[in-house]
Amino acid sequence: MRILTASDHALLVEAADLDEAMRLNLAWDGVLGVVERIPGARTVLVRFDPLVISAADLADALAATEIDTAHLPATGEVTVPVRYDGEDLDEAASLLGVSAAELVNRHLAADWKVAFSGFAPGFGYVVSSDPLFDVPRRSSPRTRVPAGSVALAGQFTGVYPRESPGGWQLIGRTDALMWDIDRDPPALLSPGTTVRFESVREQVVMSENADEAADPLPVVDRHADAGAPDPGLPISAAIEVVRPSLQLLVQDAGRPGFAALGVSASGAADRRAMREANRAVGNATGAAVLESVGGAVLRFRGAGAAAVTGAVGSLQLIDVDGAARHIAHGVPFATVDGDELTLGHPTSGLRYVIAVRGGVAAEPALDSRASDTLAGLGPAALAAGDVLSVGDRAPHPVEPDAVPRTLPAPGELAELEITLGPRDDWFTAAALATLADQEWTVTPRSDRVGIRLEGTMPLERSIGGELPSEGAVTGAIQVPPDGQPVLFLPDHPLTGGYPIIAALTDRSLDLAGQLPPGARVRFIVKETS
């Protein structure tokens, strides 16, 4: 096997084929220092804790693993009803050299099995033994693929659990619910499941609630966290959204460990700011906070304490009598019933982080209150009039010392440290030089899924064709056909088919989450042993 650097905290292991990748994934259960494994079509991405094991020692341990030759375990069987009327059915059939009718008949007759999960919660990569199914992706991905779309790409069939972008060939649609967080397992197409597709002639109605289970959960939770209440914090404390920002979300330390379900860790885009804000008000460092892209107005109910970190801008607290006072960045401040916090447009950075003593008590999903904008997990984006309960657990005293920090403004330069790989060998030597030597501009087409960068010289590939779907880490720099890179942020898909030329080191992730549109980026290559 070939073991490649995927980041300073991940390795990508190549396998001979899909079957070997599945066996390797199972064989590495319990390996020291391994945090998470993400199987792909011919690879396994292994995330590890560098404080527990080095990349070199982990690579040796992975390479020494004996692979079980037994059959992969089956986990059940499901039937998926499909109306074969997809927009790409005729084109996919033409690419395969068959008629649309033959494609459908062979799709129905094949024995299918879910190999692995990825892209989004409930998205299963379903493979068959029929050699017909090896279909290239669309040359231009769609920005919107409806929930329930049945699609082909490479050797796989997949069903989109919810509306999302996608580049697979659409051949039909189903109203089967792909993801239900209250189901065990939540994914209908979970790894190991045998799948039978069934043709239906009647119209398949795409229910308005087809992806209801994947929709964000309510933002209001009147039940505070279990544990000893803070006697200085009234149980009725809450936050009301008077005016939301461009994007106002609940975030926490995320939900790592659910990659097998197709769920990314998500969590705060600027983890350092989250930790600093929580320390300021005496919370556990991973407690739920608010993450605001741009200015907003929040009203406090009851008495409490709060702090604002992350982006830098004008901060004012206005009491019920209209008296205003300046709030210092990173310094905790007391709040009383009716106080309104006004966050001005950031002068540097992009995302404010607002912590309240006791933490935001939104409803958790898979052990986290983080809002995953791609997967639709966690609380919905906040709107005017939304009210969030404040929890009653604050184990530490307030910490009044602010930590100075410099963040880029639009037009200013930020340097981000990267490690090359795992697919830097798919690019020319000139492209690798351009990646590090050229300044890149953050475009407005950026969000929590990824930052779209633009440079004068696009990155030229030395290897053409498609890359079988493989895992990607937060901070991965993926390069689509136009040569303009996309830098993955916390809500990125777990797997993808465009080559990843490099990835940010862990120390650079928080700064990436604060890059505003118009900021300039230069990548600094870190040498790996």
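Going by the structure above, here's the rest.
Student: Quick rundown of the packing of aromatic side chains? Include the residues and the values.
Tutor: Summed over the entire model, instances satisfying the criterion amount to 11 aromatic pairs. Pairing Trp112 with Phe197 gives two aromatic rings, centres 5.8 Å apart and planes at 85°, and the pair type is edge-to-face. Of this pair, Trp112 sits in strand β6 (residues 112-117) while Phe197 sits in strand β13 (residues 194-199), placing them 85 residues apart in sequence. With a centroid separation of 5.1 Å and 85° between ring planes, the pair formed by Phe123 and Trp168 is classed as edge-to-face. Residue Phe123 is located in the loop between β6 and β7 (124-128), and its partner Trp168 is located in the loop between β11 (164-166) and β12 (169-173); the two are separated by 45 residues in the primary sequence. Its relative accessible area of 1% is what places Phe123 among the buried residues. The exposure class assigned to Trp168 is buried, which follows from its relative accessible area of 6%. Three or more aromatic residues joined by ring pairs make a cluster, and in this case those are Phe116, Phe119, Phe123, Tyr125, Phe156, Tyr160 and Trp168.

Student: If you had to explain unusual backbone geometry to someone new, which residues and values would you point to?
Tutor: Residue Pro185 is bonded to the preceding Asp184 through a cis peptide linkage, with omega at -5°. Counting through the fold element by element, Pro185 comes out in the loop between β12 and β13. Following Gly421, the chain continues into Pro422 via a peptide bond in cis, with omega recorded as 5°. Its location among the elements puts Pro422 in the loop between β25 (413-420) and α6 (429-437).

Student: Just give me the short version of the pattern of salt bridges, but keep the residues and values in it.
Tutor: Within this structure, the stated rule accounts for 28 salt bridges. Notably, a salt bridge pairs Arg299 with Glu240, separated by 3.1 Å at the nearest N-O pair. A residue pair is termed long-range when its members are at least 10 positions apart, and Arg299 in strand β17 (residues 296-301) and Glu240 in strand β14 (residues 238-243) qualify at 59 residues. For Arg299, a relative accessible area of 26% translates into the label partly exposed. Close ionic contact of Glu439 with Arg522 constitutes a salt bridge, the shortest N to O distance being 3.4 Å. A residue pair is termed long-range when its members are at least 10 positions apart, and Glu439 in the loop between α6 and β26 (440-442) and Arg522 in strand β33 (residues 520-525) qualify at 83 residues.

Student: Give a detailed account of the sheet that holds strand β18 (residues 304-312), specifying residues and quantitative values.
Tutor: Strands sit in the order β15-β16-β23-β18-β21 across an open sheet of five strands; the sheet is antiparallel. The sheet is open, and its two borders are formed by β15 (247-251) and β21 (333-335), each paired with just one other strand. In this sheet, neighbouring strand axes are inclined to one another by 30° on average, regardless of whether the strands run parallel or antiparallel. One ladder, built from six bridges, connects β18 with strand β23 (residues 348-356); its direction is antiparallel. By the bridge assignment, Ala306 is partnered in β23 with Val356. Contacts from helix α5 (residues 271-281) reach β16 (289-293), β18 and β23 within the one sheet, and its direction differs from that of β18 by about 155°.

Calculation criteria
- Throughout, residues of each chain are indexed from 1 in the direction in which the sequence is written.
- Only residues with pLDDT of at least 70 get local features here, since the model is predicted, and only at 80 or more are side-chain atom pairs given and counted; chain-wide, interface and lining totals rely on the full set of residues.
- The side-chain numbers reported here are obtained from all heavy atoms of the structure, hydrogens and water having been left aside.
- The rule is short: rings of Phe, Tyr and Trp, with Trp giving its six-membered ring, pair when the centres are within 6.5 Å, and they are stacked under 30 degrees, edge-to-face over 60, tilted in between.
- Helix and strand definitions here come from DSSP, where helices need a minimum of 4 consecutive H or I residues and strands a minimum of 2 consecutive E residues; each element is numbered from the N-terminal end.
- Remark: exposure states derive from per-residue accessible area (1.4 Å probe, protein chains only) relative to the maximum for the residue type, with buried under 20%, exposed over 50%, and partly exposed in between.
- Every case where a carboxyl oxygen of Asp or Glu lies within 4 Å of a side-chain nitrogen of Lys or Arg is listed as a salt bridge.
- Paired strands are those between which DSSP finds at least two bridges.
- A fitted line through C-alpha atoms serves as each axis, taken over the contacting stretch for helices, and the angle formed by two N-to-C directions is quoted from 0 to 180°.
- Contacts: residue pairs with any heavy atoms within 4.5 Å of one another.

Treat this as a map of the structure, not an account of what it does.
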